[in-house]
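# Residue-level structure breakdown
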Protein chains: 2
Amino acid sequence: MRSSAEDLTTRARIRDAAIRLFGRDGFARATVRDVASAAGVSPGLVIHHFGSKAGLRDACDHHVLAQTATQGREKADPVSTRQLIQDYMNHPDQYADEITYIRRTLSDESEAGDAFFDAVVKQTQDIIHAGMEAGTIRKFNDVRSTAVVIASNSLCILMLGRHLSRTLGAAGPESHGIGPELLRQLTLPALEIYTHGFYTDARFLDAAREAINSNTSTGREHAP
Amino acid sequence: MRSSAEDLTTRARIRDAAIRLFGRDGFARATVRDVASAAGVSPGLVIHHFGSKAGLRDACDHHVLAQTATQGREKADPVSTRQLIQDYMNHPDQYADEITYIRRTLSDESEAGDAFFDAVVKQTQDIIHAGMEAGTIRKFNDVRSTAVVIASNSLCILMLGRHLSRTLGAAGPESHGIGPELLRQLTLPALEIYTHGFYTDARFLDAAREAINSNTSTGREHAP
DNA sequence: TTCCGGATTGAACATGTGTTTAGTCTATGA
DNA sequence: TCATAGACTAAACACATGTTCAATCCGGAA
């Protein structure tokens, strides 16, 4: 859905180059000169358009946030975030920059990262509520905490993508990140746990319940 | 178990200050002058002891890696990584710097991060194998992938700690990270999913199995 | 005591980097 | 046609930062 680089305004080209470089190298390491050179433009023009490097970052934040907000509202995959990743699977090259940018945004402290995380949690929560009514998802007492756990588990594919593809040997060595092959390898194990659980019985859960109920202060509650 | 700052050699004081600052601000943003000042020392001395800023980073990597490797070998918590986090719960102030440093290490590309992740996965894999034989953990066909999923789910507490405590309102606003309160809030929801599963039946799992088996090439496999 | 090597410092150096500035070019509207 | 506004550049500026260097301090060995 995105036009080729030639069709974009200079401002948009600079912003897209910044999204790529900020995501790849981080905000601190990526220099204004790098961005300018990647956009085929002089450093001064970057400042001319965005006021400062921080202003450029804000523009990137808003753009990526808007970009990801438009999608995702319609689809409702129970394993959440996967609707975004699913989308990415079908257009890997097109969204790769946004994906890595979001990862950086979630790592570094930033309002954009906060907003994105909250959006994912809220969406997950809605999905759980709907699934509980439809009977496809088990009933949970604390839906909010459950949503947070599920959302985190989904997002960790994003955060740890590099390590996942590295250990699983998915995707070539050049693609340091999330690829269709990686998602295919992780889907079944994750769904199996989400379907049948990980433990054979409830003894760990019960033990944790007791430990937490009895010992509310800091202490040595060994979960297992 | 660690001596107070006064008892450490200057070299160790510099390294600990670097671990704190690299973890808090990132390698690029934290300057040699910052580290020197935090250690109460001149910038030149930092270079004198470590050769360069990169050398200082290497020293930090090795130290943190060694520090975390010594622990964890004995304890064997099924929800893994939690043995490290558990340990942290009992000495929050003492390990806080190492924790945040590891988070940065897992985000930025680094051999230390790779090694740490691989160690966690391997340990998780061992735990799963043991649990499968003992009958406490369900039998999984692909133990390796399952271990990767479980390890990632555990590590995301580390990666997303800031967001987790933010949305769950655990710990005061000054502690931007993982605290005992956060772990207490997440343990039960996570264990519940690990015990009883997330879905009520296997229809999502079966659908995904079919989709992946039939459509091996890139395509639009909507997991549901 | 004397001497030596390492710890340590303050200042300087070289470079990278965000930003400014003066000026050019180009299209558009009167 | 002319004038004006904005896109755009090249150069310069100011400052931060990694690193070097000469000099000093200090403890221990001879």
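Residues numbered from 1 in each chain as written. Chains lettered and ligands numbered in written order. Predicted model: local features only at pLDDT ≥ 70, side-chain atom pairs only at ≥ 80, totals over all residues. Heavy atoms only, no water.

## A word on the packing of aromatic side chains
Enumeration according to the criterion identifies twelve aromatic pairs over all chains in this entry. Ring geometry for B:Phe198 against B:Tyr199: centres 5.0 Å apart, planes inclined by 70 degrees, an arrangement best described as edge-to-face. With a relative accessible area of 1%, B:Phe198 lands in the buried category. Residue B:Tyr199 is classed as buried on the basis of its relative accessible area, which comes to 1%. Each residue in the set A:Phe140, A:Tyr194, B:Phe198, B:Tyr199 and B:Phe204 is aromatic and connected to the rest through ring pairs, giving one cluster. The ring of A:Phe27 carries A:Arg57 above its face, with NZ or CZ at 4.2 Å from the centroid. (Phe/Tyr/Trp six-rings, centres within 6.5 Å; stacked < 30°, edge-to-face > 60°. Buried < 20%, exposed > 50% of the residue type's maximum accessible area, 1.4 Å probe, protein only. Lys NZ or Arg CZ within 6 Å of the ring centre and 35° of its normal.)

## Focus: the environment of A:Cys156
Here A:Cys156 is to be found in helix H8 (residues 143-159). Separated by 53 residues in the primary sequence, A:Cys156 and A:Arg103 place their C-alpha atoms 9.5 Å from one another. (Helix = DSSP H or I, 4+ residues; strand = E, 2+ residues; numbered from the N terminus.)

## Side note on the pattern of salt bridges
Counting across every chain of the model gives 26 salt bridges over all chains. Two residues, A:Asp206 and A:Arg209, come together in a salt bridge whose shortest N-O distance is 3.6 Å. In this pair, A:Asp206 and A:Arg209 are both assigned in helix H11 (residues 203-214), three residues apart and thus about one turn of the helix distant. Residue classification places A:Asp206 among the partly exposed residues on the basis of a relative accessible area of 38%. Between B:Asp126 and B:Lys122 there is a salt bridge, with the nearest N and O atoms lying 3.7 Å from each other. Taken together, the residues span about one helical turn, with B:Asp126 and B:Lys122 both in helix H7 (residues 111-134) at a distance of four residues. (Salt bridge = Lys/Arg side-chain N within 4 Å of Asp/Glu carboxyl O.)

## Some points on the protein's contact with DNA strand C
Around DNA strand C there are 15 residues in total, and A:Val32, A:Arg33, A:Lys53, B:Thr10 and B:Ser42 lie nearest to it. Within 4 Å of the protein, the contacting atoms of DNA strand C are drawn from sugar and phosphate to the extent of 55%. Residue A:Arg33 places a side-chain N or O atom 2.8 Å away from a base nitrogen belonging to DNA strand C. Between a phosphate oxygen of DNA strand C and a side-chain N or O atom of B:His49, the distance comes to 3.2 Å. Considering each element in turn, the surface near DNA strand C owes the most residues, four residues, to helix H3 (residues 43-50) of chain B. (Near = heavy atom within 4 Å. Polar contact = N/O pair within 3.5 Å; in protein donor to acceptor, adjacent residues only side chain to side chain.)

## A few points about the state of the cysteines
Enumeration according to the criterion identifies zero disulfides over all chains in this entry. The thiol of B:Cys156 is unpaired, and the distance to the nearest cysteine sulfur, on A:Cys156, comes to 4.9 Å. With a relative accessible area of 2%, B:Cys156 lands in the buried category. (Disulfide = S-S within 2.5 Å.)

## Let's talk about the side chain of B:Thr146
Within the secondary structure layout, B:Thr146 lies in helix H8 (residues 143-159). The class for B:Thr146 is buried, based on a relative accessible area of 2%. A polar contact is formed between the side chain of B:Thr146 and the backbone oxygen of B:Asp142, at a distance of 2.8 Å. Residues in contact with B:Thr146, not counting those within four places in the same chain, are A:Pro189, A:Ile193, A:Phe198, B:Ile128 and B:Phe140. (Contact = heavy atoms within 4.5 Å.)

## Notes on H8(A)
For H8(A), built from 17 residues, the straight-helix expectation of 24 Å at 1.5 Å per residue is met to within 8% by its first-to-last C-alpha distance of 24 Å. Where burial is concerned, most of H8(A) is hidden: 16 out of the 17 residues are buried. (Expected span 1.5 Å × (residues − 1).)

## Some details on the side chain of A:Thr167
Mapped onto the secondary structure, A:Thr167 falls in helix H9 (residues 161-168). Within the structure, the side chain of A:Thr167 is placed 2.5 Å from the backbone oxygen of A:His163, a separation counted as a polar contact. Not counting the four nearest positions on each side in its chain, A:Thr167 is found in contact with B:Phe117, B:Asp118 and B:Arg144.

## Describing the protein's contact with DNA strand D
Around DNA strand D, the structure places 15 residues, and the nearest of them are A:Thr10, A:His48, B:Val32, B:Arg33 and B:Lys53. Backbone sugar and phosphate groups make up 57% of those atoms of DNA strand D lying within 4 Å of the protein. A distance of 2.9 Å separates a phosphate oxygen of DNA strand D from a polar side-chain atom of A:His48. Those elements giving two or more residues to the surface near DNA strand D turn out to be helix H3 (43-50) of chain A together with helix H2 (32-38) and H3 of chain B.

## Looking at H9(A)
Among the eight residues in H9(A), seven count as buried, and that is most of the element. Looking one or two places after H9(A), you find A:Gly169, whose phi comes out positive at around 65 degrees.

## Section: the environment of B:Arg162
Assignment of secondary structure puts B:Arg162 in helix H9 (residues 161-168). For B:Arg162, a relative accessible area of 16% gives the class buried. Placed 15 residues apart in sequence, B:Arg162 and B:Gly177 show a C-alpha to C-alpha distance of 4.6 Å. The residues touching B:Arg162, leaving out its near neighbours within four places in the chain, are A:Glu109, A:Ser110, A:Asp114 and B:Gly177.

## Focus: the packing of helix H10 (residues 180-196) of chain A against H8(B)
Closest axis-to-axis distance for the H10(A)/H8(B) pair is 9 Å, and the angle between their directions is 75 degrees. Regarding the angle of H10(A) to H8(B), the classification is roughly perpendicular. Contacts between H10(A) and H8(B) pair A:Gln185, A:Leu186, A:Pro189, A:Ala190 and A:Ile193 from the former with B:Ser145, B:Thr146, B:Val148, B:Val149 and B:Ile150 from the latter. Looking at the contact of H10(A) with H8(B) residue by residue, the class counts come to seven nonpolar, three polar and no charged. (Axes fitted to C-alpha atoms, helices over the stretch in contact; angles between N-to-C directions. Parallel < 35°, antiparallel > 145°, perpendicular 65-115°, else oblique. Nonpolar A, V, L, I, M, F, W, Y, C, P; charged D, E, K, R; others polar.)

## Observations regarding the confidence of the model for chain A
Residues and elements named next belong to chain A. For chain A, the mean per-residue pLDDT works out to 84, and 79% of the residues sit at or above 70. Within chain A, no element has a lower average pLDDT than helix H5 (residues 82-90), which sits at 60, and none a higher one than helix H2 (residues 32-38), at 98. Below pLDDT 50 for its whole length, residues 217-224 participates in 21 contacts with residues either more than four positions away or in separate chains. (pLDDT = per-residue confidence, 0-100.)

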